[in-house]
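Fold and geometry: a report
As a plain string of letters, each chain reads:
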Amino acid sequence: MKKALGVAAVNIAVFLCLYAIVEGGSWAVIKFYSGRADTPVTVAGDGDDKLELYSSKAVGDDLAARHDMTGSPMRYETYVVYTNRPYRSAHVNVSENSERLNGRESPANAEEVWVFGSSALFGVSSGDDETIPAYMEATLSAELGRPIHVRNFGVEGYTSWQDLINFSIRLWQYTPFKPKLVVFFNGVNDHYRAFINEADDCRHLLYTGVGSREVLEQAWEDRSRGRIISWPSIADPAKRLFQHTTKLIDLAENKIDLKVTNGDIAAWRKAYSARRERTKAITSKCSKEAGGIYLRNMKAAARLARDNGIAIAFAHQPLLFMTKKPLVGSEISEFNEPDNNVFALTDKQLAALHAVPAFRLNQLHLWDRSQFIEAYEGQRRDLLAMCREMDVPCVVVDPELDKAGAVLIFSSQVHFTFRGARIVGQAIARPIEDLLR
């Protein structure tokens, strides 16, 4: 027995040594050739206070801890597929009902406003009292002179399908305590979904976010077929265990592919152009379909609210690509980086390319930038027309963001810093005050 244990100990020690050599060596090679250090998070005190991403390092740390929590910050939920997992920390708190809290207790007699949307509403860059609903709550309570409780039902990755179902479920869960007003702040995920996965029949418009489709499909197959061992449950941890080794292998393969590609750049240009045009045709079709789905779901939400005696308002989510404010800090890279990984080269840019850079070799998407923006503008116009037709308030907050000046408002292409969330929250709250009078 002792001999067997000794052999096992030696084998484990040898494995750990080999692992350290392989992974450590791979990490060192990657660092040496990339020449890049980790980019520091910009927080208060890191230079210009108008360019801070988070209001404090503590908020940034809490948000990162939730994002990287064991398992996932999401959990399965029937009908909507997934929802927020309950979470507790100093600055980021999610209730047992998957509701992001606002950092303050509302009195029992507070009138209720419910807000539905995705990650920008949830506040992926904000502390509890710095989210859009939190600022709406503070603004409405101050302006109306009485307590208003704004519930934050935002969930990362939700499209209008899930917002509508979430609203319906909450009406049942909170019976008989209905809100006086509901607000939908969305549009972005329906739009992005039309440009992702690029299927000719647009079936990807029904896919749900945060990897939920793949996870649930795999789990369903494994359980329904009685599989004891699931390949992804083995492969995924192995990839994480040898992440630097696999990355080094990928880099080596890309280097070989790049040399072959640059040996016949004319053929690459032709293939790139053909893929770009095919992508444009598919996204043109699917963005129209997505716009129609979004509009139908929001009309259904309006009817559901009215059937329950609840006032409703809509706010269309801004995009960094459409802002007229001067870009500052990380907004500049967030605006320009998609030109390298999702937006396609024009014919002129393609012709001027004499050598294919590495990042172009495996470019994930080839979207037409103008088409992408025009389609989102079309979605907004249709929403405004629907609001006029149904006689409900529809808020466009972009003009208020455009006045911000040289201040960091966007934390990503679709998310907001705590300063941006304050502008958006106040911009939504003021036009809907009369619905609560």
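Residues numbered from 1 in each chain as written. Predicted model: local features only at pLDDT ≥ 70, side-chain atom pairs only at ≥ 80, totals over all residues. Heavy atoms only, no water.

Evaluated as defined, the whole model comprises 22 salt bridges. Glu221 serves as the salt-bridge partner of Arg225, at 2.5 Å between the closest nitrogen and oxygen. Assessed through its relative accessible area of 26%, Glu221 is described here as partly exposed. Measuring nitrogen to oxygen at the nearest pair gives 3.0 Å for the salt bridge that ties Glu433 to Arg437. Judged by relative accessible area, Glu433 falls into the buried class, the value being 8%. Judged by its relative accessible area of 57%, Arg437 falls in the exposed class. (Salt bridge = Lys/Arg side-chain N within 4 Å of Asp/Glu carboxyl O. Buried < 20%, exposed > 50% of the residue type's maximum accessible area, 1.4 Å probe, protein only.)

Within the fold, His316 resides in strand β6 (residues 311–316). Overall, the relative accessible area of 1% leaves His316 in the buried class. Within the structure, the side chain of His316 is placed 2.6 Å from the side chain of Gln379, a separation counted as a polar contact. For His316, the side chain forms a polar contact with the side chain of Arg380, separated by 2.9 Å. (Helix = DSSP H or I, 4+ residues; strand = E, 2+ residues; numbered from the N terminus. Polar contact = N/O pair within 3.5 Å; in protein donor to acceptor, adjacent residues only side chain to side chain.)

A few words on the packing of aromatic side chains. Tallying each qualifying case throughout the model produces 22 aromatic pairs. Aromatic side chains Phe167 and Phe184 sit 5.8 Å apart centroid to centroid with 75° between the ring planes, which places their arrangement in the edge-to-face category. Remark: Phe184 occurs in strand β5 (residues 181–186) and Phe167 occurs in helix α5 (residues 160–173); sequence separation between them is 17 residues. One exposure class covers both Phe167 and Phe184, and it is buried. A connected cluster of aromatic rings, assembled from ring pairs, spans Trp114, Phe116, Phe153, Phe167, Tyr174, Phe184 and Phe314. Sitting over the ring of Tyr207, Arg213 keeps its end group 3.8 Å from the ring centre. One cation-aromatic arrangement involves Arg369 over Phe335; the distance from NZ or CZ to the ring centre is 4.8 Å. (Phe/Tyr/Trp six-rings, centres within 6.5 Å; stacked < 30°, edge-to-face > 60°. Lys NZ or Arg CZ within 6 Å of the ring centre and 35° of its normal.)

Before going further, it helps to spend a moment on the layout of surface pockets. Any empty space left between atoms is shown by rolling a water-sized probe over those atoms. Considered as a void within the structure, the second largest pocket measures approximately 790 Å³ in volume. As for the second largest pocket, its lining consists of 29 residues, and the residues nearest its centre are Ser119, Glu156, Ser412, Val414 and His415. Secondary-structure elements contributing two or more residues to the lining of the second largest pocket are α2 (57–67), α3 (119–122) and α6 (188–195). The class makeup of the residues in the lining of the second largest pocket is 14 nonpolar, 11 polar and 4 charged. (1 Å grid on protein atoms, 1.4 Å probe; cavity = no way out; pocket = protein on both sides within 12 Å on 5 of 7 lines; lining within 4 Å. Points joined across faces, edges and corners; volume = space filled by probe spheres on them. Nonpolar A, V, L, I, M, F, W, Y, C, P; charged D, E, K, R; others polar.)

Keep in mind these values describe shape, not function.
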